[in-house]
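# Per-entry structural report
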Amino acid sequence: MPRRTQAAREAWLLGLLFFSLLAAAGCGRSTSGFDPASDAEPPESLTALGIFVGDGRSQQPAPGVIPYDINTPLFSDYATKYRFVKLPAGGKAQYNADRALDFPVGTIIAKTFAYPHDMRDPTQGERLMETRILLHRADGWVGLPYVWNDEQTEARLEVVGAVKPVKWIHTDGNERAIDYLIPNANQCKGCHKAERDTMLPIGPKARHMNRDLVYHDRDQPYTENQLTHWTRIGALEGAPADPAAAPRMAVWNDPSSGSLNDRARAWLEINCAHCHNPGGNARNSGLNLMASTERPFEFGVFKPPVAAGRGSGGLRYDIVPGKPDESVLVFRIGSDHPEVMMPEIGRRLVHQEGLALIREWVASLEAPAATSGAQ
Amino acid sequence: MRRLATSLLAVLAVAGFVGCMQEKGAATASRENVIVIQPGENAQKEAQEALIKAKEGDVIEFAEGDFAFTQTLSLEDVNGVSIRGKGQDKTRLNFKDQQPGAGAEGILVKADNFTISDLTVQDTKGDGVKVQGGKGITFRNVKVEWTRGPHPDNGAYGVYPVLCEDILIEGCHITDCSDAGVYVGQSKNAIVRRNRAEKNVAGIEIENTIGADVYENIATNNAGGLLIFSLPGLEQKIGKQCRAFKNQVYANNHENFAKPGNIVATVPPGTGVIIMANDDVELFDNDIYDNATANVSISSYYVTQNKFDDPKYDPYPEGISVHNNRIKGGGDKPGGAFGELVAPLLQAKAPELKEFPDIVYDGIVDEAKLKDGKAPEELKIILVDNGEVTFANLDLGRLLKGEEPEVSTDLAAFAGEPVRLPAVKIAGVE
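A few points on the structure. Quick caveat: nothing in here was measured; it's all calculated off a predicted structure.

### Thoughts on the sheet that holds strand 1 (residues 66–68) of chain A
Residue and element names in this part refer to chain A.
- Spatially, the 6 strands line up as an open sheet ordered 1-2-4-5-6-7, and their pairing is antiparallel. This sheet does not close on itself; its edge strands, each paired only once, are strand 1 and strand 7 (155–157). Each neighbouring strand pair of the sheet contributes to a mean axis angle of 25°, computed without reference to strand direction.
- Here 9 bridges tie strand 4 (residues 108–116) to strand 5 (residues 126–137), and the two strands are oriented antiparallel to one another. Counterpart to P116 in the pairing with strand 5 is E126.

In structure tokens, the structure reads:
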């Protein structure tokens, strides 16, 4: 949820001013006229998509754009994320219990990645890195990376992605710096082709979205379940009236939201299962990390790694119950080497807290009875 | 004169800086659109942009010279694109400074009718060229190498089509892979010919693949020369219908430098051909020699001693014909588990074998499929007309159960008419 700090508010006002100056000078690109449902070339500037108020530096959604959040997010090098959906006029998403919500053609989904200057103190402002866009066009979803400039005045389409150095004060008070990688348009497909070479949104599934959110579209902020909110404002059709009847994914770091198993499986699903499912990019490995996978062999228990190269780490099985140090899964989540690390794109750092969760979960597992072959 | 030289220099500099030039269809019958990428600082961006914006039928051509890339080059969804260089050793794409977080392959392709040819891919962190889920894939005169030589941290595969259909791999030269040089996995219809694989853990590996013709290749100085495998837990379950003929598989005695955990790490150095858990394999007319462990071995998946839980997987090799090969030498220095466990067993059980035999068979059969104690015709192992070869049936099933194996050197038990498998046919490939 965008939290407007003083600095961000000022920046937003400045942005508005700058934007109006540009428009007044007649040198601004048209902000209207791009129809996401058409096959027109996507605009060079993010502003033209009309998701944000002004130039978008405040991450304040334009009227009618719905902010959303998910229970357990993908780890992206500790970046903060702001998520939005802009439906076409009169368009509604259709509820689906298992898959992503069915969004109408013309939908835009936006996810902005940002680094707070000081993770302990959000009032110090933040730096926007990129806004990833999913456009639902007549012939399917398209992924487009928009890269924010250093002045934070605009984000421009860069199909080849970018590398941007960034530093911040981490939650432990230490300064951290990385060369942040903005994926290229093909890498968008790498994660979003989750079902047999069809691009799909990953986050906006009912089980990820079934949670409360604080909304700011009235005079006073208010809290509402997201499925309920979407249904109420006419953005969603077919959801159960009571969100308790819809599936709900655990929050990986909130023990009140689910058991250790629930939280670990939620973390694995959002971080790994976009590839590691029977229709995903890593289907050649035979490893299925959807939280719904029930057969222990399929989610890695005593499953030998496939095509792992040095990614095997010299270990024989993806998961050895009770033994995180003997499990390839733990080894690869804990690596930042290009050939070893999983996921293989979209991060450069190890998610230490997620790694700790997965270690604890593997340590808690017991060997299943049905395992054939030599013991 | 000096002025002319300066302007020429300027033009050249601009050309070099711009780097990416388009030669719109030369006035020949060919109407291909060629996008040329020059070496230099902008090559990464230009090449990736060209691959993202490519249209069907485009050729992305890398000029002669050395290119340094820091990220995987990827092509997705655009069919009919070719990537080519100016010759295997003239155009070199080097990935030694590849950054984490952007993939580990050199080139990654998910598209149909793709061709890559006439260039070298060097020092990738992961696989050299990976193509996933494409139909009509050609690798021609591609070299993949790691300039430091064989090393456990080298990438796994050199050329790596997986879940593909109609694959042609020819004239490639693959070295130093920590898994397999030429690898075809979970695919259908592959022709692998006239390639050279050396100093890899596995030279050529055909895995869980249906329909493969492997011929006129040279596999030497790998830990294992030619592997025809089926592994459990994969999407395409059973590899079958593989013909391997007229290959030179010799002196594959390199140490095995694979990381443990990978199936190839279990391959004993000194292995010529291994057929494991694959069905319907015809191995004929090959020269297989001087492989220090065994020239040919046929086994079930049980020899790996890996656990598995995959009800649709069949761990037994069935319908295997090994005939009319020229097999000699080797067997003098059995390595890996064969050296440690099997060699002493052989010495005790079959002292008449002075060396490790040319053909070894683990003897593990699916007892549920036997009729009157014998394998039905279509599941038989046929070993005939391979000259004066030595042989052992290790009866490892008993050994793995902790019982006394009945080792046999009787080749006559494997006599019969070899099965002749049909040739793989790919439209447009002679």
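### A word on the packing of aromatic side chains
- Applying the stated criterion to the full structure yields 28 aromatic pairs over all chains.
- Every member of this aromatic cluster is reached through a ring pair, and the members are B:Y301, B:Y302, B:F308, B:Y313 and B:Y316.
- In this structure, A:R218 packs its charged tip against the face of A:Y222, placed 3.9 Å from the ring centre.
- In this structure, B:K307 packs its charged tip against the face of A:F302, placed 4.1 Å from the ring centre.

### Here's the deal with the pattern of salt bridges
- A complete count under the given rule lists 43 salt bridges over all chains for this structure.
- Two residues, A:K193 and B:D77, come together in a salt bridge whose shortest N-O distance is 2.4 Å. Highlighted residues: A:K193 in the loop between helix 2 (185–192) and helix 3 (206–209) and B:D77 in the loop between strand 5 (73–76) and strand 6 (82–84), drawn from two different chains.
- Here B:R398 and B:E403 are joined by a salt bridge, their closest N and O atoms 3.9 Å apart.
- Note on B:R398: relative accessible area 31%, which makes it partly exposed.
- Salt bridges sharing partners connect three or more residues here, namely A:K189, A:K193, B:E76, B:D77 and B:K110.

### A short note on the pairing of strand 10 (residues 212–215) of chain A
Residue and element names in this part refer to chain A.
- Residues of strand 10 alternate between two faces, with L213 and Y215 buried on one and D212 and V214 left unburied on the opposite face.
- Alignment of strand 10 against strand 11 (residues 222–225), held across 4 bridges, turns out to be antiparallel. Of the residues in strand 11, the one forming a bridge with V214 is T223.
- Connecting strand 10 to the next strand, strand 11, in antiparallel fashion are 6 residues.

### Overview of the side chain of A:H351
- Looking at where A:H351 falls in the secondary structure, it is placed in the loop between helix 6 (328–333) and helix 7 (352–364).
- What A:H351 contacts, discounting residues up to four positions off in sequence, is A:F75, A:Y78, A:W252 and A:W267.

### Regarding the interface of chain B and chain A
- Taken together, the contact between chain B and chain A spans 50 residues of the former and 53 residues of the latter.
- Across the chain B/chain A interface, buried area totals approximately 4300 Å², and carbon plus sulfur atoms make up 49% of it.
- Three residues stand out in chain B for area buried against chain A, namely B:P100, B:K307 and B:D309, and they jointly supply 17% of the buried area on that side.
- The tally of links from chain B across to chain A stands at 6 salt bridges.
- The salt bridge partner of B:D77 is A:K189, with a shortest N-O separation of 3.2 Å.
- Put simply, chain B and chain A have 24 residue pairs in polar contact (both at pLDDT 80 or more) between them.
- Of all the secondary structure elements, the ones that give two or more residues to the side of chain B that touches chain A are helix 2 (43–53), strand 5, strand 10 (129–132), strand 12 (159–162) and strand 28 (307–308) of chain B.
- Top element by residues in the side of chain B that touches chain A is helix 2 of chain B. It accounts for 5 residues.
- Of the residues contributing to the side of chain B that touches chain A, the split by class is 17 nonpolar, 18 polar and 15 charged.

### Thoughts on a negative patch on the surface
- Taken together, the side chains of A:D39, A:E41, A:E44 and A:D139 define an acidic patch exposed on the protein surface.
- Relative to the assigned elements, A:E41 resides in the loop between helix 1 (6–25) and strand 1.

### Here we look at the side chain of A:T107
All names here are of chain A.
- Structurally, the position occupied by T107 is in the loop between strand 3 (93–94) and strand 4.
- A polar side-chain atom of T107 sits 2.6 Å from the main-chain carbonyl oxygen of P104.
- Discounting chain neighbours no more than four positions away, the residues touching T107 are V85, K86, L87, P88, L134, L135, H136 and W141.

Rules used throughout
- Here, residues in each chain are numbered from 1, in the same order as that chain's written sequence.
- Whichever chain is written first is A, and whichever ligand is written first is 1; the rest continue in order.
- Restriction of local features to residues with pLDDT of at least 70 applies here, the model being predicted, together with a cutoff of 80 or more for giving and counting side-chain atom pairs; totals for whole chains, interfaces and linings are based on all residues.
- Based on all heavy atoms of the structure, the side-chain values leave hydrogens and waters out of the count.
- Strand pairing is assigned whenever DSSP detects at least two bridges linking the two strands.
- Under the DSSP-based scheme used, a helix requires at least four consecutive residues in state H or I and a strand at least two consecutive residues in state E, with every element numbered from the N terminus.
- To obtain each axis, a line is fitted to C-alpha atoms, and for helices this fit is confined to the stretch in contact; angles are then taken between N-to-C directions over 0 to 180 degrees.
- Note on ring pairs: Phe, Tyr and Trp rings are taken, using the six-membered ring of Trp, and paired if centres are within 6.5 Å. Classes follow the plane angle, with under 30 degrees stacked, over 60 edge-to-face and the rest tilted.
- We call a charge positioned over a ring when the NZ of a Lys or the CZ of an Arg lies within 6 Å of the ring centre and within 35 degrees of the ring normal.
- Salt bridges are defined as contacts in which a side-chain nitrogen from Lys or Arg sits within 4 Å of a carboxyl oxygen from Asp or Glu.
- Partly exposed residues are those whose accessible area sits between 20% and 50% of the maximum for their type, while under 20% is buried and over 50% is exposed, using a 1.4 Å probe and protein chains only.
- What makes two residues a contact is simply this: any of their non-hydrogen atoms within 4.5 Å.
- Note on terms: buried area is the combined drop in 1.4 Å-probe accessible area of two parts once they are placed together, counting the loss on both.
- Polar contact is the term for a pair of N or O atoms within 3.5 Å; when the atoms are in protein, one must be able to donate a hydrogen and the other to accept it, and sequence-neighboring residues count only if both atoms are side-chain atoms.
- Basically, the charged four are Asp, Glu, Lys and Arg, the nonpolar ten are Ala, Val, Leu, Ile, Met, Phe, Trp, Tyr, Cys and Pro, and anything else, Gly included, counts as polar.
- To count toward a patch, a residue needs a relative accessible area over 30% and no salt bridge; like charges are then connected within 9 Å, while nonpolar side chains (Val, Leu, Ile, Met, Phe, Trp, Tyr) are connected within 5 Å.
- Computed by Shrake-Rupley with a 1.4 Å probe, the accessible areas treat only the displayed protein chains as cover when residues are assessed.
- Charged residues are defined here as Lys and Arg on the positive side and Asp and Glu on the negative side; His and the ends of the chain fall outside this count.
- In this description, the location of a charge corresponds to atom NZ of lysine, CZ of arginine, CG of aspartate or CD of glutamate.

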